[in-house]
Amino acid sequence: IIYNRRPERRKKVGQTAKIAIMTVAVILLAVSLLGLCLCTRRFISAQAFYQARKYSYDSKFQPQVEDWVKLASLWDKKNDLYYRQLAYLYIGQIHTVRSTILDENQASSYEKQLEDLMQKANEAALKAVETDKANYLNHLALTDFYLASSGLTANALPWAESSLKNANEVFPNNVTLI
C-alpha cells in the first residue's frame, strides 16, 4: 500500500491494490484448476485403459471392458497413447478369440467377431501412427497388430516387417528393436 499525504488519495490507492491482489489470486486459482483438470483427465484415461487391458482377456468382463474404453475415449481422444492402447486392447481380444477356436467347425462362428476386432485394431494402430509418427511405440503397436493377424490376413508378415523397420528408423539406438 502506497501512502500519500492526502487521506482521500490514500484510501483510493489502497482499494486499487486490493483489487489487483484479488485479480491475481483469481487468475492463479483458475490456472491451478485448469492444470488439475488436465492432470486428472489423463489419470482417469490411463486408469480406464489399465482396467480394460487387465480384463480384456476374459470374455465375461466384455461389457465392462467396453465401458472402460468408452470412459477413456471421452477423456483423451487426440492422444496417440489412446489409440495405441486401444489397438493393444483389440489385439489382446484377437488372441483370446483365436485361442478359443479349437477346430474348423468353430472357426466359422468366430469369423465375424475376428473380422470386427481386426478392423478395429488396424484402425486404432494406424491412427496412433498417424497421430504421432515420431513415436516408435506406435509403429510397434502396428507391428504387433500385423503379427496378431498373421495367418488371417495376406501379406501380414511383410507389413509387420515394414512397420518394425519404420520403428527402427524412428529410434535406431533402441536395442529392443534389433
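Located above this text is the structure these notes cover.
Overview of the structure.

What counts and how
Residues numbered from 1 in each chain as written. Predicted model: local features only at pLDDT ≥ 70, side-chain atom pairs only at ≥ 80, totals over all residues. Heavy atoms only, no water. Helix = DSSP H or I, 4+ residues; strand = E, 2+ residues; numbered from the N terminus. Buried < 20%, exposed > 50% of the residue type's maximum accessible area, 1.4 Å probe, protein only. Contact = heavy atoms within 4.5 Å. Areas by Shrake-Rupley, 256 points an atom, 1.4 Å probe, with all protein chains shown as cover. Axes fitted to C-alpha atoms, helices over the stretch in contact; angles between N-to-C directions. Parallel < 35°, antiparallel > 145°, perpendicular 65-115°, else oblique. Left-handed = near helix turned anticlockwise from the far one by under 90°. Nonpolar A, V, L, I, M, F, W, Y, C, P; charged D, E, K, R; others polar. Salt bridge = Lys/Arg side-chain N within 4 Å of Asp/Glu carboxyl O. Phe/Tyr/Trp six-rings, centres within 6.5 Å; stacked < 30°, edge-to-face > 60°. Expected span 1.5 Å × (residues − 1). Core = buried A, V, L, I, M, F, W, Y, C linked by side-chain atoms within 4.5 Å.

### As for the overall build of the protein
Across its full length, the protein holds 6 helices and 0 strands. Each helix and strand of the protein, placed in order from N terminus to C terminus, yields the pattern α-α-α-α-α-α. Residue burial in the protein is summarised as follows: out of 178 residues, 30% are buried. The contacts of the protein with a sequence gap of at least 6 include a subset with a gap of at least 24, amounting to 58%. For the protein, the accessible area works out to roughly 12,100 Å², and carbon and sulfur atoms hold 59% of it.

### Remarks on the packing of helix α3 (residues 80–100) against helix α5 (residues 136–148)
At a minimum axis distance of 10 Å, the contact between α3 and α5 shows a crossing angle of 20 degrees. As judged from the angle between their axes, α3 and α5 are roughly parallel. Where α3 crosses over α5, the two elements pack in a sense that is left-handed. Residues D80, R84, Y88, I91, I94, H95 and R98 of α3 form the contact with α5, whose own contacting residues are L137, N138, L140, A141, D144, F145 and A148. Residue composition of the contact of α3 with α5, by class: 8 nonpolar, 2 polar and 4 charged.

### Brief notes about the pattern of salt bridges
For side chains bearing opposite charge, pairing can occur when the charged atoms are close. One pass over the structure, following the stated rule, counts 2 salt bridges. With a closest N to O distance of 3.4 Å, K120 and D116 form a salt bridge. Of the two residues, K120 and D116 both sit in helix α4 (residues 104–131), 4 residues apart, roughly one turn of that helix. Measuring nitrogen to oxygen at the nearest pair gives 3.6 Å for the salt bridge that ties E130 to K127. Here the residue E130 and the residue K127 both occupy positions in helix α4, the gap between them amounting to 3 residues, near one helical turn.

### Observations regarding the environment of L147
Relative to the helices and strands, L147 resides in helix α5. Setting aside anything within four residues of it in sequence, one finds L147 in contact with L157 and A160.

### What about the packing of aromatic side chains?
Tallying each qualifying case throughout the model produces 3 aromatic pairs. Pairing Y136 with F171 gives two aromatic rings, centres 5.0 Å apart and planes at 50 degrees, and the pair type is tilted. One end of the pair, Y136, is in helix α5; the other, F171, is in the segment after α6 (156–170), with 35 residues separating them in the sequence. Looking at F171, the relative accessible area reads 35%, which means it is partly exposed. Taken together, a centroid distance of 5.6 Å and an interplanar angle of 50 degrees make the contact between Y146 and W159 tilted. One end of the pair, Y146, is in helix α5; the other, W159, is in helix α6, and 13 residues separate them in sequence. Taken together through their ring pairs, the aromatic side chains of F145, Y146 and W159 make up a single cluster.

### Observations regarding the packing of α3 against α4
Two elements in contact, α3 and α4, have axes separated by 8 Å at closest approach and are oriented at 160 degrees. Between α3 and α4, the interaxial angle falls into the category roughly antiparallel. Two packed elements cross with a definite hand, and for α3 against α4 that hand is left-handed. Each residue belonging to the contact of α3 with α4 can be placed in one class, and the counts come to 15 nonpolar, 5 polar and 5 charged.

### A short note on α3
Count 3.6 residues to each turn of an α-helix, and residues three or four apart come out pointing the same way. Between its first and last C-alpha atoms α3 spans 31 Å; for 21 residues at 1.5 Å apiece the expected length is 30 Å, and the two agree. Of all the 21 residues making up α3, 16 are buried; the element is thus mostly covered by neighbouring parts of the structure.

### Points about the nonpolar core
Core analysis: the largest hydrophobic core is formed by 30 residues, its most contacted members being L86, I91, I94, A121 and F145. Elements with a contribution of two residues or more to this core: α1 (7–55), α3, α4, α5 and α6. Of the residues forming this core, the biggest block, 10 residues, is contributed by α3. Among residues more than four places away in sequence, those in contact with A121 are A87, Y90, I91, I94 and F145.

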